[in-house]
Amino acid sequence: MIPDFIPATVPNWINGEQVKALSSEAFDKLSPHSGGKLYRVSRSGEDDVELAIQVAVGAQTGWAALTPVQRGEVLHDIAQLMRRYRQDIAAVVALETGMSFGAAMGETGAAIAQGEFMAGEGRRFYGRTTTSATPYKYASTVRQPMGVAGLIIAANTPIANVAWKVFPALICGNAAILKAAEDTPATAWLFGRIAHEAGLPRGVLNIIQGHGEEAGAPLVANAGVDVVSFTGSTAVGRLVAAKAGARLAKVSLELGGKNPLVVCDDADLDNAVTWTLLAAFSNAGQRCAAASRIIVFEAVYDQFRDRLVERTGGLSIGPDDADDLGPVINEKQLNNMLAAIEKAKEAGASVTIGGHRLDDEAHAPGFYMAPTIIENAHPRDEISVTELFGPITCLYRVRDFAEALHMANASPYGLTAAIHTRSIHRATEFAQKVQAGVAVVNGGTHGSEPHMPFGGLKQSGNGSREPGTEALDVYSELKDIYINSDPGLL
Ligand code: NAD
């Protein structure tokens with residue numbers, strides 16, 4: 001059921017007002033579960049973006065004039081109101097993504113926690129005081145706003161993605177323009193409504209709906225945007241980096257992953273299977289941190305594979321709380337995955353379970369992909385080095401720890417990684433040597449927390465970390481302040 005508070009055409013938020021795209025054009029948002037139309041979405045373009053930037057520039061000065069503590073109080077109010085509207089937010093997230101209401105409630109809770117954490121940063125907002133080589137000279141640093149932040153997000157965990165960017169951008173004293181993901185427009189729109197109801201001054205947060213090339217690219221290109229923060233695919237991240245780089249704008253890129261989960265011969269196999277299922281298939285595998293390369297010691301490979309396949313076969317697929325995973329976000333994404341599996345088979349890989357769209361009566365109208373396990377793919381095959389962003393994972397056989405670590409690192413990506421072992425020696429060595437922004441022992445490849453920095457190496461990003469206090473580095477400039485006193489004037 002579509003909540004009646006969602007407008008028939010999801011609008012932009014510009015200067016605290018809900019407005020349609022200047023062109024009056026719109027596109028359909030489809031339900032991942034039923035394939036049917038949910039509502040229309042404003043199809044914004046360069047003119048809408050330009051307007052939003054002008055408004056943001058105008059609003060930023062007043063927002064930056066508040067102390068970080070005062071800004072934190074506003075963010076705190078937004079987070080509190082999100083708590084009051086938590087069920088509404090979760091209903092919209094579930095509707096737009098096809099994830100269960102329970103999963104959406106969990107994600108909304110994480111977004112609120114992000115807001116609360118960043119609100120508290122208003123009372124810290126630390127700079128540094130340090131020493132000077134010169135007597136009677138005092139050195140310190142302070143954080144200052146960048147100006148206008150352009151925020152572009154993916155649809156996979158929509159309210160968390162909004163919170164990860166908007167709260168740190170605002171606490172630092174920036175005004176922001178959020179380009180919503182086209183597949184989750186109403187989640188971003190609802191956040192805008194809550195933020196304004198909570199008392200965020202007009203124009204401090206503007207939300208633009210629309211397609212990437214039409215509404216995202218102009219945001220990246222515009223000289224009025226001082227920092228661009230992008231969460232999405234590596235392919236688009238490259239375009240964003242090139243465009244923003246050409247005008248020397250600061251850019252933070254949170255991109256894709258092809259994350260390894262290593263299962264050693266001394267692992268608790270049941271625990272390893274449980275975490276593999278969650279890391280590979282929860283949220284229908286639509287996580288940058290999904291485990292898509294399962295690297296298993298030869299000695300336990302068959303045993304692990306058999307248990308994993310059996311439990312994968314028992315997963316329940318649908319939009320309800322009792323289900324383990326839902327649909328993928330749209331049909332294009334589903335077809336990309338099916339094509340990738342066909343190519344992998346042609347290259348010699350075999351599909352152990354899944355590998356197809358669910359075509360029974362309950363699932364056929366929606367965008368449901370069967371949870372899929374692939375074996376016998378070469379580590380250098382396309383399927384081993386390409387992020388699929390769906391419920392598909394590959395199994396690889398290795399002799400020992402050294403080969404497992406080598407294979408884990410032989411990837412163009414470096415976002416997250418996990419190892420299952422009872423050995424402190426293997427756990428420590430893996431955590432130290434794996435080329436990833438996150439290393440997990442005896443857990444999933446996902447599960448980052450709001451107060452911790454998240455980000456990846458290699459093609460998973462460009463070195464920045466969000467959220468955690470490290471997100472403040474993305475959205476603020478450091479200024480050195482030197483104060484000289486004159487002892488002769490005492
Ligand atoms: P995508 O790159 O296609 O789109 C992401 C966003 O970029 C959307 O809002 C889209 O409209 C916009 N966009 C598209 N083309 C653009 C352009 N030319 N200029 C500016 N903006 C443009 O990604 P997706 O398929 O929607 O999302 C999945 C990807 O996001 C995966 O690769 C996943 O790993 C990644 N992701 C990364 C993280 C992380 O923190 N590292 C978190 C979530 C998702």
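**Student:** With reference to specific residues and values, describe the sheet that holds strand β6 (residues 128–130).
**Tutor:** Hydrogen bonding along the main chain pairs the strands of a sheet, whether they run parallel or antiparallel. In space, the 3 strands of this open sheet follow the order β6-β7-β22, with antiparallel pairing throughout. Edge strands, defined here as strands with exactly one partner in the open sheet, are β6 and β22 (476–484). With direction set aside, neighbouring strand axes in the sheet form an average angle of 20 degrees. Here strand β7 (residues 137–145) runs beside β22; their pairing, made up of 9 bridges, is antiparallel. Across the sheet, the residue bridging to Thr 141 is Asp 480, located in β22.

**Student:** Explain empty space enclosed by the protein to me, using residue names and the numbers behind them.
**Tutor:** Throughout the structure, instances matching the rule amount to 2 cavities of 30 Å³ or more. What the largest cavity holds in volume is close to 90 Å³. Forming the walls of the largest cavity are 15 residues, and the residues nearest its centre are Gly 285, Ala 290, Ser 292, Leu 388 and Phe 389. Class assignment of the residues belonging to the lining of the largest cavity gives a composition of 7 nonpolar, 5 polar and 3 charged. By volume, the second largest cavity amounts to about 50 Å³. Residue lining of the second largest cavity: 14 residues in total, with Pro 260, Tyr 413, Gly 414, Thr 416 and Gln 435 positioned closest to the centre.

**Student:** Go over the layout of surface pockets, please, and point to the residues and values.
**Tutor:** Each pocket or cavity is described by its volume, and for the second largest pocket that value is around 270 Å³. Lining the second largest pocket are 16 residues, and of these Met 1, Ala 91, Ala 94, Leu 95 and Pro 319 lie nearest its centre. The element contributing the most residues to the lining of the second largest pocket is helix α3 (residues 86–97), with 3 residues. Of the residues assigned to the lining of the second largest pocket, the class counts are 11 nonpolar, 4 polar and 1 charged.

**Student:** Go over the pattern of salt bridges, please, and point to the residues and values.
**Tutor:** Tallied over the entire structure, the rule returns 22 salt bridges. A salt bridge links Asp 302 to Arg 305; the nearest nitrogen and oxygen atoms lie 3.3 Å apart. Here the residue Asp 302 and the residue Arg 305 both occupy positions in helix α10 (residues 298–313), the gap between them amounting to 3 residues, near one helical turn. For Asp 302, a relative accessible area of 39% gives the class partly exposed. The buried category is assigned to Arg 305, whose relative accessible area is 18%. Through salt bridges with shared partners, one network takes in Glu 298, Asp 302, Arg 305, Asp 306, Glu 375 and Arg 397.

**Student:** Mind laying out a nonpolar patch on the surface, listing which residues take part and the relevant values?
**Tutor:** Together, Tyr 136, Tyr 138, Ile 481 and Ile 483 make up an exposed nonpolar region whose accessible area comes to about 410 Å². Residue position: Ile 483 is located in strand β22. Overall, Ile 483 belongs to the exposed group, its relative accessible area being 51%.

**Student:** Just give me the short version of the site of the ligand, but keep the residues and values in it.
**Tutor:** In the neighbourhood of the ligand, 24 residues make up the surrounding shell, with Ile 153, Glu 182, Ser 233, Leu 255 and Glu 387 lying closest. Ile 153 is positioned with one of its backbone polar atoms (N or O) 2.7 Å from an oxygen atom of the ligand. Backbone polar atom of Gly 212 to an oxygen atom of the ligand: 3.3 Å apart, as the coordinates give it. Considered on its own, the ligand offers 860 Å² of accessible surface; in the complex 86% of this is hidden by protein. For the shell around the ligand, the secondary-structure elements that each account for two or more residues are α7 (212–221) and β11 (227–231). With 3 residues, α7 is the largest single contributor of residues to the shell around the ligand. Class assignment of the residues belonging to the shell around the ligand gives a composition of 13 nonpolar, 7 polar and 4 charged.

**Student:** An account of the pairing of strand β9 (residues 175–179) is requested, with residue identities and associated values reported.
**Tutor:** Within a regular strand, the side chains alternate between the two sheet faces. For β9, a buried count of 5 out of 5 residues is recorded, marking the element as mostly surrounded by other parts of the structure. Neither face of β9 is open: one carries Ala 175, Ile 177 and Lys 179, the other Ala 176 and Leu 178, and all of them are buried. Bridge count between strand β8 (residues 148–152) and β9: 5 bridges; the pairing is parallel. Bridge assignment links Gly 150 to a residue of β9, and that residue is Ile 177.

**Student:** Would you mind going over the side chain of Thr 372 in detail, with residue names and values included?
**Tutor:** Looking at where Thr 372 falls in the secondary structure, it is placed in strand β16 (residues 372–375). Within polar-contact distance, the side chain of Thr 372 engages the backbone nitrogen of Gly 355 at 2.7 Å. Within the structure, Thr 372 has its side chain in polar contact with the backbone oxygen of Ala 370 (distance 2.7 Å). When residues no more than four places from it in sequence are discounted, the contact partners of Thr 372 are Phe 281, Ile 341, Val 351, Ile 353, Gly 354, Gly 355, His 356, Pro 391, Ile 392 and Thr 393.

**Student:** Kindly report on the domain arrangement of the chain, identifying the contributing residues and their values.
**Tutor:** One can read the domain layout of the chain as domain 1 (9–255 + 461–478) and domain 2 (259–441). The straight-line distance from the C-alpha centre of domain 1 to that of domain 2 is 31 Å. Of the residues lining the interface, 22 residues belong to domain 1; the matching set on domain 2 comes to 21 residues. Here domain 1 packs against domain 2, burying approximately 1500 Å² in sum over the two surfaces, 53% of which is carbon and sulfur.

**Student:** Give me the nonpolar core: which residues, what numbers.
**Tutor:** When a protein is soluble and globular, its nonpolar side chains tend to lie buried together. Within the largest apolar cluster, 62 residues are counted, with the highest numbers of intra-cluster contacts made by Ile 78, Met 82, Leu 178, Phe 191, Leu 200 and Leu 205. For this core, the element with the highest residue contribution is helix α5 (residues 158–171), accounting for 8 residues. For Met 82, the contacting residues outside a window of four places in its chain are Ile 89, Ala 111, Ile 112, Ile 159, Phe 167, Phe 191 and Ile 194. Listed in part, the 60 residues of the second largest apolar core include Ile 373, Ile 383, Ile 392 and Leu 395.

**Student:** Residue-level account of the environment of Glu 182, with values.
**Tutor:** In this fold, Glu 182 is placed in the loop between β9 and α6 (185–197). Residue classification places Glu 182 among the partly exposed positions, given a relative accessible area of 27%. Each C-alpha atom, one on Glu 182 and one on Gly 212, is 7.8 Å from the other, the two residues being 30 residues apart in sequence. Residue contacts for Glu 182: discarding those within four places in its chain leaves Phe 27, Gly 210, His 211 and Gly 212. For Glu 182, the side chain forms a polar contact with the side chain of Lys 179, separated by 3.4 Å.

How each quantity is defined
- Residues numbered from 1 in each chain as written.
- Predicted model: local features only at pLDDT ≥ 70, side-chain atom pairs only at ≥ 80, totals over all residues.
- Heavy atoms only, no water.
- Pairing = 2+ DSSP bridges.
- Helix = DSSP H or I, 4+ residues; strand = E, 2+ residues; numbered from the N terminus.
- Axes fitted to C-alpha atoms, helices over the stretch in contact; angles between N-to-C directions.
- 1 Å grid on protein atoms, 1.4 Å probe; cavity = no way out; pocket = protein on both sides within 12 Å on 5 of 7 lines; lining within 4 Å.
- Points joined across faces, edges and corners; volume = space filled by probe spheres on them.
- Nonpolar A, V, L, I, M, F, W, Y, C, P; charged D, E, K, R; others polar.
- Salt bridge = Lys/Arg side-chain N within 4 Å of Asp/Glu carboxyl O.
- Buried < 20%, exposed > 50% of the residue type's maximum accessible area, 1.4 Å probe, protein only.
- Patch = residues over 30% accessible without salt bridge, like charges linked within 9 Å, V, L, I, M, F, W, Y side chains within 5 Å.
- Areas by Shrake-Rupley, 256 points an atom, 1.4 Å probe, with all protein chains shown as cover.
- Near = heavy atom within 4 Å.
- Polar contact = N/O pair within 3.5 Å; in protein donor to acceptor, adjacent residues only side chain to side chain.
- Contact = heavy atoms within 4.5 Å.
- Domains from an automatic or database assignment.
- Buried area = accessible area lost by both parts, 1.4 Å probe.
- Core = buried A, V, L, I, M, F, W, Y, C linked by side-chain atoms within 4.5 Å.

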